[in-house]
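Here is how the chains run, residue by residue.
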Amino acid sequence: MLEGLLVDLVPYGDRYLEQEHRWLNSEAWFWAAVGDRRLITESTLKRWREENAERQGSQPRTRVMWGVQTKDGKPLGDIAMNWVVPHCRLSMLGAAIGEPEYWGGGYGTDALLLITDYAFDWLDMHKLWLSTMGLNVRVQRQMAKVGYKLESRRRQAFRADGQWVDELSYGLLREEWPGRAAIIEKLGLKARPPKEE
Ligand SMILES: CC(C)(COP(=O)(O)OP(=O)(O)OC[C@H]1O[C@@H](n2cnc3c(N)ncnc32)[C@H](O)[C@@H]1OP(=O)(O)O)[C@@H](O)C(=O)NCCC(=O)NCCS
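Residue positions are counted from 1 within each chain, in the order its sequence is given. Totals for whole chains, interfaces and linings use all residues, but because this is a predicted model, local features are given only for residues with pLDDT of at least 70 and pairs of side-chain atoms are given and counted only at 80 or more.

**Overview of the environment of Leu172**
If you trace the backbone, Leu172 turns up in strand β8 (residues 163-173). Counting other C-beta atoms within 10 Å of a residue's own tells you its class, since 20 or more makes it buried, 12 or fewer makes it exposed, and anything in between is partly exposed; those C-beta atoms are placed from the backbone. For Leu172, a count of 22 C-beta atoms within 10 Å corresponds to the buried category. Along the backbone, Leu172 and Trp129 are 43 residues apart, and their C-alpha atoms lie at a distance of 6.3 Å. Residue contacts for Leu172: discarding those within four places in its chain leaves Thr116, Lys127, Leu128, Gly147, Tyr148, Lys149 and Trp177. By definition, any uninterrupted DSSP run of H or I lasting at least four residues is a helix, any uninterrupted run of E lasting at least two residues is a strand, and each is numbered from the N terminus. Remark: residues whose backbone-derived C-beta atoms lie within 7 Å of one another are considered to be in contact.

This is the structure we're talking about:
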């Protein structure tokens, strides 16, 4: 478990799996899956899980995934090192808060600080990166706050809600990472009381 100011990162267990169908059919999926608005049925989700389990059985594991929960234990979504390449010490990150009313409240940044610190300080990664669509201002703001650098813009890489959008890639090198405590101090982040239901 990684303990943050607003969220904790915990093993992605049953409490998260139970929410997945709802999260995958929420607005979060449109943003996380760069413009995909398809309806995901329970049977599609079951098939994806079976296919994933089969793949994981035959190939080395390349994904480290956490559940993101509030300090009082409410599951919000996931954050993951989705594509770990051990011999290069590289990893592509991904995150989705499945509860849209929590977007913009600092929860995603808190989770990103935790996973970045873990990846550099514990797993000795050399570089972390992620990509998003140009429409996703929350991710762009998050990248700027935490110090990830914009590395590339691939033009008209995705189609979202009837328009072509660019793909933005961000990266952070280990040597550029000042540590979680330094970013918390720079941004003036503080713990706060649990959100009222
Ligand atoms: C991306 C995500 C994980 C970020 O987490 P979050 O908790 O929303 O992020 P934060 O609140 O820490 O930071 C978002 C920033 O964007 C700002 N923001 C939010 N909506 C905005 C808007 N419409 N325009 C401009 N800025 C906006 C927030 O104010 C905040 O900046 P601030 O701290 O300076 O005020 C979360 O929004 C999410 O899961 N979204 C849906 C799925 C997704 O996009 N996944 C990522 C795919 S690459």
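**With respect to the site of the ligand**
Taken together, 22 residues lie around the ligand, and Trp31, Ile97, Gly108, Thr109 and Arg141 are the ones closest in. The set of elements that each furnish at least two residues to the shell around the ligand consists of α3 (27-32), β5 (90-97), α5 (107-122), β6 (127-133) and α6 (137-146). With 5 residues, α6 is the largest single contributor of residues to the shell around the ligand. Residue composition of the shell around the ligand, grouped by class: 11 nonpolar, 9 polar and 2 charged. A molecule or strand has a residue near it when that residue's C-beta atom, placed from backbone coordinates, lies within 6 Å of it. Under the convention adopted here, Pro, Cys and the residues Ala, Val, Leu, Ile, Met, Phe, Trp and Tyr are nonpolar, Asp, Glu, Lys and Arg are charged, and Gly plus all remaining residues are polar.

**Some thoughts on the nonpolar core**
The term nonpolar core refers to a group of buried residues, namely Ala, Val, Leu, Ile, Met, Phe, Trp, Tyr and Cys, whose C-beta atoms join them within 7 Å. Counting 36 residues, the largest nonpolar core has Val7, Leu9, Val68, Ile79, Tyr107, Ala111 and Ile115 as its most contacted members. Among the elements that make up this core, the one with the highest residue count is α5 (8 residues). Non-local contacts of Val7, meaning those with residues more than four positions away in its chain, are made with Val68, Gln69, Thr70, Lys71, Leu76, Tyr107, Asp110 and Ala111.

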